[in-house]
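One letter stands for each residue in the lines below.
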Amino acid sequence: MAEMKNVRTLSIIALCFICILACTGCQTDKTKKTAADTSDTPPPAEDEKDKQGSEDDENAHTADLVTIVPADDEETAGKDIQPEADRETDTDTAALPSGGDIDSQIEEYLEKMSIQEKAAQMFIILPEAAVNTDIVTEAGAMTEEAIHNIPVGGFVYMEQNLQSPEQVKTMLETVQGYSMDRLGLPLFTCIDEEGGTVARINGNANFNVPPIGSMAEVGASGDVNQAYQTGLDLGSYLSELGFNVNFAPVADVLSNPSNEVVKDRAFSSDPDVTAEMSAAVLKGLKENGVYGAFKHFPGHGATEGDTHEGYAFTSKTLDDLLTCELIPFERGIQEETDFIMAGHISLPNVIGDDTPASLSYKMLSEILRDQMDYNGIIITDAMNMGAISQTYTASDAAVKAIQAGVDIILMPDDFTAAYQGILDAVDNHIIPEDKINDSVSRILKVKLTMLEK
C-alpha cells in the first residue's frame with residue numbers, strides 16, 4: 001500500500017514536469033516567432049512590392065527636386081527648387097469644372113478662381129519674364145514654379161527661344177502640362193509668324209517649313225486662295241510645333257505710302273483687298289487649330305512714326321477710319337476672330353488727345369466693342385514698345401489698358417509691376433472686379449473651347 005502510494009506520487013511529479021517542459025517549449029516557440037517577425041519580414045506580395053517601389057521612387061524624386069540642380073539647365077542653375085508638398089495652391093484643380101456647357105463652366109471657374117489667378121490670366125509674357133533669365137530654351141523647374149505662383153494666361157516666344165522642332169515641341173508640351181496641373185487650363189502659346197520679314201520660324205534653317213513670302217506679294221497676286229494657302233501653311237507647322245495663337249494676319253491698310261512700319265507686311269492699300277486676304281489667312285490658321293489675331297487696330301498703315309521707337313500718330317478722323325482702316329477689322333469680326341490686337345497709335349482727331357489707341361476707352365470700348373460689336377479678346381500690342389514705355393510706367397500702362405477695355409496685356413516692360421498694379425487697382429476700387437471677370441470670361445471661353453477640341 002505504501003509502495004502504491006509512492007508510485008502515485010512519482011506519477012504526479014512526472015506529469016507536472018512534462019507540463020512544465022511543454023509550457024517552456026510553447027514560450028520558446030512564441031519567442032522564436034516574435035524574433036522572426038521583427039528580423040525576417042517576409043517579402044511583400046507582388047502588388048505590395050509595386051506599391052512600395054512606387055513610394056520609394058516618389059520619395060527619391062522629391063529628394064531630387066530639393067537637392068539636384070542640373071548644371072546644363074540655363075533656367076534652373078544656381079536655384080533651389082521647392083518640393084511639391086511645400087507649395088500652396090489657391091485653386092484645387094480636382095474641384096474645377098470638368099463638364100457641362102461652356103457658359104456654366106466659365107461661371108464655375110470664376111467662382112473658384114482667386115483675384116490673383118484671374119489677373120494672372122490677363123497677361124501673356126516672354127518666358128524670360130517669368131523666370132528672370134536672359135534666354136529660355138526649355139521649360140524647367142523654375143518655369144513650373146513661376147506658373148504655380150502666378151499662372152499667367154500665356155507665353156509668347158521669340159527666335160531666341162526656338163532652336164529645333166523637337167526642342168520647341170518638348171518645351172511647349174512641358175509648359176502646357178504645368179499650366180494644366182495648376183489651373184486645369186491650357187496656356188496661350190503665341191508667336192509672331194506673319195511670313196516675309198516678320199517670322200520666328202520661317203527662314204530658320206533648323207526648321208524644314210515651306211517658305212512664305214511677304215503679305216504684300218500675296219496681296220499683289222489678287223489671289224485669295226494664295227492667302228488661304230498661306231494661312232494653311234502657317235497653321236500646319238505652328239500647330240505641329242505646339243503653338244495655338246499666331247499674331248497674324250496684319251489687317252493694316254497701307255494708306256500712307258511713306259509708312260515704314262507696315263510696308264511689305266500689309267496686303268494692300270485697298271481696304272477691301274486687305275479684308276479679303278486677312279479673312280482667308282485667318283481661315284487657314286483656324287482649320288489647323290491655331291487662333292489668329294487681326295492687328296493693329298485701328299490700323300497702323302496710315303501712321304507717321306514707329307510705335308516700336310516712340311510716338312506714332314494719324315490725323316485721320318473716325319469717318320476716315322470707317323471708310324478705310326476699319327474695314328478689314330469689321331471683316332475680322334464677321335469671321336469671328338477670337339483676338340484683335342490694339343496698336344499703340346495716337347489718333348488726336350478721334351480721341352481728342354495723344355492717348356494711344358491701346359489705352360483709349362473711346363477706341364476700344366466705345367468704337368470696337370459697342371459700335372463695331374466685337375465680343376472677342378482684345379489684346380495689346382507689346383507693352384514694352386517705346387510708344388508706351390517712354391511715357392507710362394508698366395503699372396500705369398496696365399491699369400489704363402484694362403480700364404480702356406483690354407482683356408490681355410502683352411509683354412509688359414516690367415511684368416511684376418504690371419501684375420501688382422492690376423491687383424492694387426482692384427483692391428483700391430479703381431478697376432471693378434466685374435471688369436476683371438468680363439475679361440477672364442472671354443479668355444476662359446477660348447481656352448475651354450480649345451480643351452473641347
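Refer to the preceding data block for the structure.
Description of the structure in this document. Quantities reported herein were computed from a predicted structural model and do not represent experimental measurements. (Residues numbered from 1 in each chain as written. Predicted model: local features only at pLDDT ≥ 70, side-chain atom pairs only at ≥ 80, totals over all residues. Heavy atoms only, no water.)

## A short note on the nonpolar core
Of all hydrophobic cores here, the largest spans 111 residues; its most connected members are Phe188, Ile201, Phe243 and Phe297. Not counting chain neighbours up to four residues away, the residues in contact with Phe243 comprise Tyr157, Leu162, Val168, Leu172, Thr189, Cys190, Ile191, Ile201, Leu238 and Val290. (Core = buried A, V, L, I, M, F, W, Y, C linked by side-chain atoms within 4.5 Å. Buried < 20%, exposed > 50% of the residue type's maximum accessible area, 1.4 Å probe, protein only. Contact = heavy atoms within 4.5 Å.)

## Observations regarding empty space enclosed by the protein
This model, assessed by the stated rule, comprises two cavities of 30 Å³ or more. The calculated volume of the largest cavity comes to roughly 40 Å³. As for the largest cavity, its lining consists of Pro127, Val136, Glu138, Ala139, Thr143, Phe155, Tyr157, Met171 and Val175. Looking at the lining of the largest cavity, the elements that each hand over two or more residues are β2 (154–157) and α7 (165–183). Classifying every residue of the lining of the largest cavity by side-chain character gives seven nonpolar, one polar and one charged. Each pocket or cavity is described by its volume, and for the second largest cavity that value is around 30 Å³. If you trace the second largest cavity, you find it lined by Met383, Ile388, Ser389, Tyr392, Thr393, Ala394, Ala397, Pro412 and Asp413. For the lining of the second largest cavity, the secondary-structure elements that each account for two or more residues are α15 (386–389) and α16 (394–404). Here the lining of the second largest cavity is built from residues that sort into six nonpolar, two polar and one charged. (1 Å grid on protein atoms, 1.4 Å probe; cavity = no way out; pocket = protein on both sides within 12 Å on 5 of 7 lines; lining within 4 Å. Points joined across faces, edges and corners; volume = space filled by probe spheres on them. Helix = DSSP H or I, 4+ residues; strand = E, 2+ residues; numbered from the N terminus. Nonpolar A, V, L, I, M, F, W, Y, C, P; charged D, E, K, R; others polar.)

## Examining the sheet that holds strand β8 (residues 339–342)
Taken in spatial order, the eight strands line up as β9-β8-β7-β6-β3-β2-β1-β10 in an open sheet, and their pairing is parallel. Edge positions in the open sheet fall to β9 (377–380) and β10 (409–410), since each of these has one partner strand only. Bridge count between strand β1 (residues 123–125) and β2: two bridges; the pairing is parallel. Bridge pairing in β2 links Ile125 to Phe155. Lying on the sheet, helix α12 (residues 327–334) is in contact with β7 (291–297) and β8; it crosses β7 at an angle near 155 degrees. (Pairing = 2+ DSSP bridges. Axes fitted to C-alpha atoms, helices over the stretch in contact; angles between N-to-C directions.)

## Thoughts on the packing of aromatic side chains
Evaluated as defined, the whole model comprises eight aromatic pairs. Pairing Tyr157 with Phe243 gives two aromatic rings, centres 6.1 Å apart and planes at 70 degrees, and the pair type is edge-to-face. Taken as a pair, Tyr157 in strand β2 and Phe243 in the loop between α9 (224–241) and β6 (245–246) lie far apart in primary sequence, 86 residues in all. Across the pair, exposure class does not vary: Tyr157 and Phe243 are buried alike. Relative to Phe339, the ring of Phe188 lies with its centre 5.3 Å away and its plane at 80 degrees, an arrangement referred to as edge-to-face. Separated by 151 residues along the polypeptide, Phe188 in strand β3 (residues 188–191) and Phe339 in strand β8 bring together distant segments of the chain. (Phe/Tyr/Trp six-rings, centres within 6.5 Å; stacked < 30°, edge-to-face > 60°.)

## What about the pattern of salt bridges?
Summed over the entire model, instances satisfying the criterion amount to 15 salt bridges. Note that Glu433 and Lys118 form a salt bridge whose closest N and O atoms lie 3.4 Å from each other. Residue Glu433 is located in helix α18 (residues 433–452), and its partner Lys118 is located in helix α4 (residues 115–121); the two are separated by 315 residues in the primary sequence. Residue classification places Lys118 among the buried positions, given a relative accessible area of 3%. Among the salt bridges present, the one from Arg331 reaches Glu335, with a minimum N-O distance of 3.0 Å. (Salt bridge = Lys/Arg side-chain N within 4 Å of Asp/Glu carboxyl O.)

## Remarks on the pairing of β9
Of the two faces of β9, the one lined by Ile377 and Ile379 and the one lined by Ile378 and Thr380 are each fully buried. Sheet topology note: the β8/β9 ladder contains four bridges and is parallel. Looking at the pairing, Ile340 lines up with Ile378 of β9.

## Details of the layout of surface pockets
Space inside the largest pocket adds up to approximately 480 Å³. The wall of the largest pocket is formed by 19 residues, among which Glu336, Asp338, Gly376, Lys445 and Val446 lie closest to the centre. Partitioning the lining of the largest pocket into residue classes produces six nonpolar, six polar and seven charged.

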